[in-house]
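Residue-level listing of the chains:
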Amino acid sequence: MKMLARLILGLVIFDAAVTAPTLEPINYDSETYDATLEDLDNLYNYENIPIGQAEIEIATVMPSGNRELLTPPPQPEEAEEEEEESTPRLIDGSSPQEPEFTGVLGPHTNEDFPTCLLCTCISTTVYCDDHELDAIPPLPKNTAYFYSRFNRIKKINKNDFASLDDLRRIDLTSNLISEIDEDAFRKLPHLRELVLRDNKIRQLPELPNTLTFIDISNNRLGRKGIKQEAFKDMYDLHHLYLTDNNLDHIPLPLPENLRALHLQNNNILEMHEDTFCNVKNLTYIRKALEDIRLDGNPINLSKTPQAYMCLPRLPIGSLV
């Protein structure tokens with residue numbers, strides 16, 4: 001019985017083995033997988049690699065076949081958009097143009113340099129102080145206040161301030177000015193203040209009647225430096241400073257609204273009774289003129305007491 005059972009079991013196993021599907025060899029189409037076991041030692045042997053050879057990245061070899069890298073295709077539209085975004089755009093989408101600076105920095109000097117880079121321009125005021133200038137620089141059309149103190153300007157030409165109709169104040173303190181053209185200031189319709197102190201001026205040109213403040217102290221006017229009746233028609237003149245000029249007389253007539261007259265340190269020797277007052281009208285009072293300085297002159301104020309009867313205050317000066 002045992003022999004019979006073993007024979008039947010053997011036949012069942014043989015029949016199952018015969019009817020099973022045959023396995024075909026798998027071909028990976030790769031040199032690596034075709035290598036025999038004996039070649040594996042040589043395949044991964046790194047001892048014989050030369051030292052100077054470039055580094056080799058160790059990675060699993062992709063099976064042969066389609067070895068193309070799956071990289072995304074280039075996107076030219078996005079590149080163009082990024083290039084366009086690098087260029088600034090205005091609100092309306094247009095590209096900005098190159099800025100124009102014509103006239104922003106003022107006219108150019110003789111050295112082709114903008115005045116407002118050489119000097120300081122703030123609104124309608126131009127400051128050119130202490131720049132070693134030897135001439136008046138071209139000024140912007142809207143200049144109202146001009147300061148050029150502590151320079152080396154020697155002459156004021158008639159065209160230096162031409163067509164500057166808004167000019168109200170000129171301050172050229174501490175230069176080397178010895179000559180001024182006759183029409184340098186006369187045609188300035190709104191000039192109110194003129195400061196020319198600490199220069200070498202010998203002759204004062206004709207001035208506009210619009211002036212309210214004049215300071216020509218510490219110059220060289222002498223006895224002929226001021227024309228006759230130079231200040232007669234300046235009805236708005238309030239301050240007149242002529243100290244240290246070697247003057248030998250008080251320039252007459254003086255405007256009625258004059259408030260301050262400084263004539264210190266000159267060579268004034270005498271004064272007339274009608275210099276300040278009206279001798280024909282004993283009731284006349286000159287209320288505005290409260291500040292008269294005659295100290296530093298060889299005049300004796302006590303010799304002409306009638307000359308001060310109409311004044312609210314006595315002049316300052318020597319009484320002996």
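Quantities reported herein were computed from a predicted structural model and do not represent experimental measurements.

Our focus in this paragraph is the overall build of the chain. Along the chain, the regular secondary structure elements total 5 helices and 11 strands. Within the chain, the fraction of its 320 residues that count as buried is 32%. Once local pairs closer than 6 in sequence are excluded, the contacts in the chain between residues at least 24 apart make up 40%. Here the chain has roughly 22,400 Å² of accessible surface; of this, 52% comes from carbon and sulfur atoms.

A few words on the state of the cysteines. Within this structure, the stated rule accounts for 3 disulfides. Covalently, cysteine 116 is tied to cysteine 121 through a disulfide, its sulfur atoms 2.0 Å apart. Taking the torsion about the sulfur-sulfur bond, which here is approximately -90°, the covalent link between cysteine 116 and cysteine 121 counts as left-handed. Look at cysteine 116 and you get buried, because its relative accessible area is 16%.

This next bit is on the sheet that holds strand 2 (residues 125–127). One key point about sheets: their strands pair by backbone hydrogen bonds, in either a parallel or an antiparallel sense. Strands sit in the order 1-2-3-5-7-8-9-10-11 across an open sheet of 9 strands; the sheet is mixed. At either end of the open sheet lies a strand with only one pairing partner, and these are strand 1 (120–122) and strand 11 (291–293). On average, each strand axis in the sheet is tilted by 5° relative to the strand beside it, whichever way the strands run. The pairing of strand 10 (residues 260–262) with strand 11 spans 3 bridges and is classified as parallel. Looking across to strand 11, one finds that alanine 260 is bridged to aspartate 291.

The next point concerns the UniProt feature "domain: LRRNT" (unreviewed entry) in the chain. Those places that UniProt annotates as "domain: LRRNT" (unreviewed entry) correspond, in this numbering, to residues 115–145. Regarding residues 115–145, the helix share stands at 13% and the strand share at 23%, and the terminal C-alpha atoms are separated by 14 Å.

This brings us to the nonpolar core. Core analysis: the largest hydrophobic core is formed by 54 residues, its most contacted members being Phe146, Phe161, Ile170, Phe185 and Phe276. In contact with phenylalanine 276, not counting residues within four places along its chain, are Ile250, Leu254, Leu261, Met271, Tyr284, Arg286, Leu289, Ile292, Ala307, Cys310 and Leu311.

Take the pattern of salt bridges next. Scanning the model with the defined rule gives 15 salt bridges in all. In this structure, lysine 227 engages glutamate 182 in a salt bridge whose closest nitrogen and oxygen atoms are separated by 2.5 Å. Of the two residues, lysine 227 sits in the loop between strand 8 (213–215) and strand 9 (239–241) while glutamate 182 sits in the loop between strand 6 (179–180) and strand 7 (193–195), which places them 45 residues apart along the sequence. We classify glutamate 182 as partly exposed; its relative accessible area is 34%. Residue arginine 293 is joined to aspartate 295 by a salt bridge in which the shortest nitrogen-to-oxygen separation is 2.8 Å. Ionic contacts of the salt-bridge type, sharing partners, join the residues Asp129, Arg149, Arg169, Asp171 and Glu193 into one network.

Attention now goes to the confidence of the model for the chain. Chain-level statistics for the chain give a pLDDT mean of 79 and a share of 65% at 70 or above. Counted against residues more than four places away or in other chains, residues 28–35, with its pLDDT under 50, gives 6 contacts. The low-confidence segment residues 51–71, where pLDDT is below 50, has 5 contacts with residues more than four positions distant or belonging to other chains.

Let us now look at the environment of phenylalanine 146. Positionally, phenylalanine 146 belongs in strand 3 (residues 145–147). By relative accessible area, which is 0% here, phenylalanine 146 ends up buried. In the structure, phenylalanine 146 is positioned 20 residues away from valine 126 in sequence and 5.0 Å away in space, judged by C-alpha atoms. Residue contacts for phenylalanine 146: discarding those within four places in its chain leaves Val126, Cys128, Ile136, Pro137, Leu139, Phe161, Leu167, Arg169, Ile170, Asp171 and Leu172.

A word on unusual backbone geometry. A cis amide bond, omega -10°, links leucine 252 with the succeeding residue proline 253. With respect to the helices and strands, proline 253 occurs in the loop between strand 9 and strand 10. One non-glycine residue, aspartate 130, adopts positive backbone phi at about 55°. Tracing the backbone through its elements, the reader meets aspartate 130 in the loop between strand 2 and strand 3.

Inspection of the entire model under this criterion finds 4 aromatic pairs. Between phenylalanine 146 and phenylalanine 161, the ring centres sit 6.0 Å apart and the planes meet at 65°, which makes this aromatic pair edge-to-face. Placement of the pair is phenylalanine 146 in strand 3 and phenylalanine 161 in the loop between strand 4 (155–156) and strand 5 (169–171), with a sequence separation of 15 residues. One aromatic cluster is present, formed by Phe146, Phe161 and Phe185 through successive ring pairs.

Okay, a positive patch on the surface next. Judged by side-chain charge, Lys154, Lys200, Arg202 and Arg220 come together as a positively charged surface patch. Using a relative accessible area of 42% as the deciding quantity, one classes arginine 220 as partly exposed.

About the cut-offs
Residues numbered from 1 in each chain as written. Predicted model: local features only at pLDDT ≥ 70, side-chain atom pairs only at ≥ 80, totals over all residues. Heavy atoms only, no water. Helix = DSSP H or I, 4+ residues; strand = E, 2+ residues; numbered from the N terminus. Buried < 20%, exposed > 50% of the residue type's maximum accessible area, 1.4 Å probe, protein only. Contact = heavy atoms within 4.5 Å. Areas by Shrake-Rupley, 256 points an atom, 1.4 Å probe, with all protein chains shown as cover. Disulfide = S-S within 2.5 Å. Pairing = 2+ DSSP bridges. Axes fitted to C-alpha atoms, helices over the stretch in contact; angles between N-to-C directions. UniProt positions renumbered as here; feature names shortened; annotations may be inferred. Core = buried A, V, L, I, M, F, W, Y, C linked by side-chain atoms within 4.5 Å. Salt bridge = Lys/Arg side-chain N within 4 Å of Asp/Glu carboxyl O. pLDDT = per-residue confidence, 0-100. Phe/Tyr/Trp six-rings, centres within 6.5 Å; stacked < 30°, edge-to-face > 60°. Patch = residues over 30% accessible without salt bridge, like charges linked within 9 Å, V, L, I, M, F, W, Y side chains within 5 Å. Lys, Arg positive; Asp, Glu negative; His and termini not counted. Charge placed at Lys NZ, Arg CZ, Asp CG, Glu CD.

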